[in-house]
Amino acid sequence: MSEKIELQNQPGSHQVGNKDEKVGNVEIEEQVHHEHVEEISPELEALLQTDPLQGLSDDEVERRRATFGRNELVEKKRHPLLKFLSYFTGAIAYLIEIAVICSAVVGDWADFGIILALLFINATIGFVEESKAESALDALKQTLALKTRCWRNGHLVELDTSELVPGDVIVLRLGDIIPADGRLLGIGATGEATEGDLQVDQSALTGESLPLSKNKGATVYSSSIVKQGQQMAVVTKTGGDTFIGRAAGLMAVAQEEGHFQKIINRIGNFLILITVVLVVIILIFLLVKNRGTKEGSFKHVLEQVLVLTIAAIPVGLPTVMSVTMAMGAKELALRKVIVKRLTAVEEMASVSVLCSDKTGTLTLNELTFDEPYLTNNYTSEDILLYSYLAAEPGANDPIEFAVRTAAEEQLEILKNRTHKHDVPGYKVTSFLPFNPSTKMTQATVMNLDTQESFKVAKGAPQVIVRLVGGDDDAVRAVNSLAKRGLRALGVARTKPGSLEEYELVGMISLIDPPRPDSGETIRRCNDMGVDVKMITGDQQIIAKEVAHRLGMGRVILDAGHLVDADKTEDEITEHCIRADGFAQVIPEHKYRVVELLQNRGILVGMTGDGVNDAPALKKANVGIAVHGCTDAARSAADIVLLAPGLSTIVDGLMTSRAIFQRMRSYALYRITSTVHFLMFFFCITMALQWRMKPILLILICILNDAATLVISVDNAKISAHPDKWRIGQLIFLSIVLGALLTALSFAHFFISRDVMHVSEKQLEAIMYLHISSAPHFVIFSTRLSGYFWENMPSPIFFIAVMGTQVFAMLICVYGVIVGEAIGWIWGIVVIAISLVYFVFLDFVKVFIFKHWNFEFTAHAWPTKARKDKLAARKVRAIQQKRVWSSIDQVRQVGLKIKALEALKA
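The rules we used
Residues numbered from 1 in each chain as written. Predicted model: local features only at pLDDT ≥ 70, side-chain atom pairs only at ≥ 80, totals over all residues. Heavy atoms only, no water. Helix = DSSP H or I, 4+ residues; strand = E, 2+ residues; numbered from the N terminus. Buried < 20%, exposed > 50% of the residue type's maximum accessible area, 1.4 Å probe, protein only. Contact = heavy atoms within 4.5 Å. Areas by Shrake-Rupley, 256 points an atom, 1.4 Å probe, with all protein chains shown as cover. Core = buried A, V, L, I, M, F, W, Y, C linked by side-chain atoms within 4.5 Å. Pairing = 2+ DSSP bridges. Axes fitted to C-alpha atoms, helices over the stretch in contact; angles between N-to-C directions.

Here we take up the overall build of the protein. The helix and strand inventory of the protein stands at 33 helices and 26 strands. Expressed as a percentage of the 905 residues in the protein, the buried residues total 54%. Taking as baseline every contact in the protein between residues at least 6 positions apart, the subset at least 24 positions apart corresponds to 73%. Of the roughly 38,800 Å² of accessible surface on the protein, a fraction of 58% belongs to carbon and sulfur atoms.

In this structure, Phe 681, Met 692, Trp 725 and Tyr 768 are the most contacted members of the largest nonpolar core, which totals 131 residues. Ranked by residues supplied to this core, first place goes to helix α25 (residues 647–688) with 18 residues. Grouped together as the second largest cluster of nonpolar side chains are 35 residues, Leu 205, Ala 579, Leu 597 and Ala 637 included.

This part takes up the environment of Ala 123. With respect to the helices and strands, Ala 123 occurs in helix α6 (residues 109–130). It is 9.0 Å that separates the C-alpha atoms of Ala 123 and Ser 322, two residues lying 199 residues apart in sequence. Leave out the neighbours within four places in its chain, and Ala 123 touches Phe 84, Tyr 87 and Phe 88.

Once that is clear, we can look at the sheet that holds strand β21 (residues 531–535). Ordered in space as β12-β26-β25-β24-β13-β21-β23-β22, the eight strands form an open sheet in which the pairing is mixed. In this open sheet, the two strands that pair with only one neighbour each are β12 (337–339) and β22 (556–558). Within this sheet the neighbouring strands show an average axis-to-axis angle of 20°, counted without direction. In terms of strand pairing, β22 meets strand β23 (residues 581–583) through three bridges, oriented parallel. Bridged to Asp 558 within β23 is Ala 583. The sheet strands contacting helix α22 (residues 587–599) are β13 (353–356), β21, β23 and β24 (604–608), and the helix crosses β24 at an angle near 165°. Most of the contacts of α25 go to strand β26 (residues 639–641), to which it runs at about 140°, and overall it touches β12, β13, β24, β25 (622–625) and β26.

When you line up the elements, Met 507 lands in strand β20 (residues 502–511). Counting along the chain gives 135 residues from Met 507 to Pro 372, while the straight-line C-alpha distance between them is 5.7 Å. In this structure Met 507 touches Pro 372, Tyr 373, Ile 383, Pro 461, Val 465, Ala 474, Val 478, Leu 489 and Gly 490, once residues within four positions along its chain are discounted.

Right, here's the structure in full:
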C-alpha cells in the first residue's frame, strides 16, 4: 500500500510524507489509508481505564465475565444422528417413505426391502460425503491464541486467552497471535516508552497485503499476528463481540436450505400432488364402483392402488442424483478440486456471478519487484544491485524480502554464490540499519576491483529525494506510483570521488502481483457467462490497479456504497450487479454483497482464503476456498482447491455443467415417465377397470431406474452459459410428453385388443413391454435441449438402457413372468414403435424449448412472485433501452465531431 499511515516507521518502506512536507517544487501527495474503526460505547469505554501496571483484580474479572462471558466462540453442534436423519426429509424422501409404508401394508416385502435400501443408500451417500468437512467454528477457534500474558492484581501472569475480559491489560510482542480486540497503550511490558510502532499482519482478517503500523490508540484485532515491536494493549472486546467473532456469528446466520434442495422439493411437491390426487380418485372410484362385491372390499382396493402408487413414485430419483453428483466429485478430485458439500457440484453449474477475494486469491500475497523509475542513466540491474547492498540481511520485513528476492532472481552476479551474503566484486564495510528517525538504511561499500568506496541509501521516497537535494521528476513518479497503488522505495548512491554527495538512482516500485493464471481464468469465466467481481479489504487504488492488470473493469466501489442510507435496497443491489468489485470491505460487507445478489435471484460463487472471507464463503451458493487458505476458510467453503491459482475453477465449472445436464436429463425423463404412468392407468382404470399384474408394474419401476444410474457417466453437452432448472418449463414439457405417450399407450391397447384380437394375457404382456420401453427411450431425447443426434450417448449408457429393454422384450417373447408368450414379431414391432416414437417426441421437445419463455410461464401459471419478476424485467428492459439509446446518441455526436475535424484538416 502506498499510504503513509500504513507504512509509518516500517523498515525499508516508503513514507509518502505530510501534506506540508515539500521537497523541491513538487509536493509528495499523501494517500489516505482507510481502516475500519471499531465503535466503543461510553459504558464500555469506562471499563477500559485500567492501570497498565496493576491490571484488574480477581473480583472485578469475575464481575465482567458474568457480563461479557468467556473470550471464546460459542458453537452449537448438531448431533450426528440428527444430521443423518435430516437426509430422510424433503418432498421426494417423504414420497419414498410413503411407498415403503405402502409396501408393508400390502405385504410386498421384496419391494419394501428394495425401496428402503434405496432410501438408506441416498442418505448414506450424502452423509458420508458431507461429514468430511470440519466445523467452520472449530477452525475459527484454532486461529485464536491459546495463552497470553496479562497484568492481574499487580502481577504479570500467563493465562488462557478464554479468561480475558474487557479492561484486561495484555502484553503483545513479536510472533504473538493477538488474543482479543484491543487498544494499544504505547508503552512496553513494564511501563517504559516504546520506540517505533507495532507491525501487525491482519491480511487474513481484512485482506490487506502488508503488515500495518499501529501506534498508541490504534485498534488491534483478535487473531492477527504481531510481526514487529512490543506494546501493551487494553482489551476492548472479547468472544463473539470481536471482529473475528462477528464473522463466526455471520456463518451461523448463513445456514439455509440449498438451491438444489429447493429444486428437488419443488419437483417432489409436483409429483406428490399428481400422485395423491389421481390415486385417491381411483381409490374412491373403485370403492364406489365395486360396492358390495368382493372386489369392492377396502383391503382389496387398497392393495391395487398402493401397488400403483409404489410403481409411480420415482424411488430412484434421489439415488440417481446423489450418484451422479458423487461421480462428478470424484472426477473433480482428480483435478485437485475437493468437493465437501455434494450438492455444490450441481449448484456451481448455475453460478452466474463469482465474487473473489483479491489478496492471496487473485494475487500471490507477496510483494514483488515491478517496473522501477530510473534516472541519471542507471539501469534496472543497477537499482537492484544498490538496493540489495543496502538491504539488511535476514530482516523480517516483506519489503526487504521482496527486494532481496528480486535481486537474487534477476542479477547474474548473485547467482551461484559460494556464500549467501557475499556480493561478488563488492564488500560492505559499514551498515546502518533502518531506524524510525532516519527512515532509511545506509551501507558503505567497497568495489573490490577499483578499491573505491561509496555509500548506498535506501528508504522512504521523500527522505531519499531530500538526501539528493530534491528531484521534481522523481516526486512526480512517486505520486504517479502511489495513485496506482504501488509501493515506492527510493535508492541513491554517492557520486564518484565523494562519500557525502548523493545522486538518485531511482525509485523501486513494489506490488502484490496477480497470479499468473488469474487473468486467463477471469477471461474464461467471462466466456462461460460468469461475471467475476473483486471484493477486497485492501485500498481502492490498489484494487483498481490489480483489476486493470487482470483485464477486469475498473469500476471498483468503496464499501460505503453497500451501507449508504440515502439509497434504497434495489439501488444498492444495482450497484452490486454493475460494479466490477468493492474495496475496503470488512466481513459483513462481503456477506452483504453475496446476500444482495442472491436476493435478486442470482446464484453466487465466492472464492477466498482468509478468516475475513469465511462468512461470505458460507453464505454463497458455492463457497470456494483456494490453495493455501486458512482453516476457517477451508471449513466454511463447499469446495477446496488443492492446486495454486484459480484455473481449476474453470474445470469445476465445466464438470458441474456436464453434471447438471445429466441430472436435468434424468429429472425430465423421470417426471415424464411418472406423468405418463399415472395418466394412462388413471384413465384406463376409470374407463375400463383394466389393470396390470403388480409384479410387472414393479419390474418396470426397478429395471428402468437401475439402468439410468449409469447416466452419471453419460456424455453431456456443456452449456456456454450458466444453467437454470426452469421448473415451469420442465413440468410443462413433462406433461406434454407424458400426454403424447399416453396417447400411444391407448393406441397400443385398443389396436392389440380390438383390431389384432390378442388374448388377455398377451395384451398384458404387450402393454408391459410398451410401458417399459416407450418412456424409457425418451431419455435419449431428454439428455439434450437440441436434437438427440447432436451429442450421442456414451456406449455404457446406451448399452444399459437398451439392455433393460432387450430383457423386457425377451421375457415377453418367451412368456416368462408375463404369463403368455407374444412371439418375436410382436416383441420387435413394439420396441421399433417405441424407438420411432421417441424421435417424434424429440422434435416436439425441441419445438417447446425454442418457443418457451418466462413470460409464457408467468401467464400459464400466474403466481405473485412470477408476476412481480415479469414486471421488474419489463421495467429493466425499458431502462436499458433508454440507456443504450443515450449511448447511441453520444456515439453519433462523437462520430459527427470526428467527421467535422477531418473536414477541417
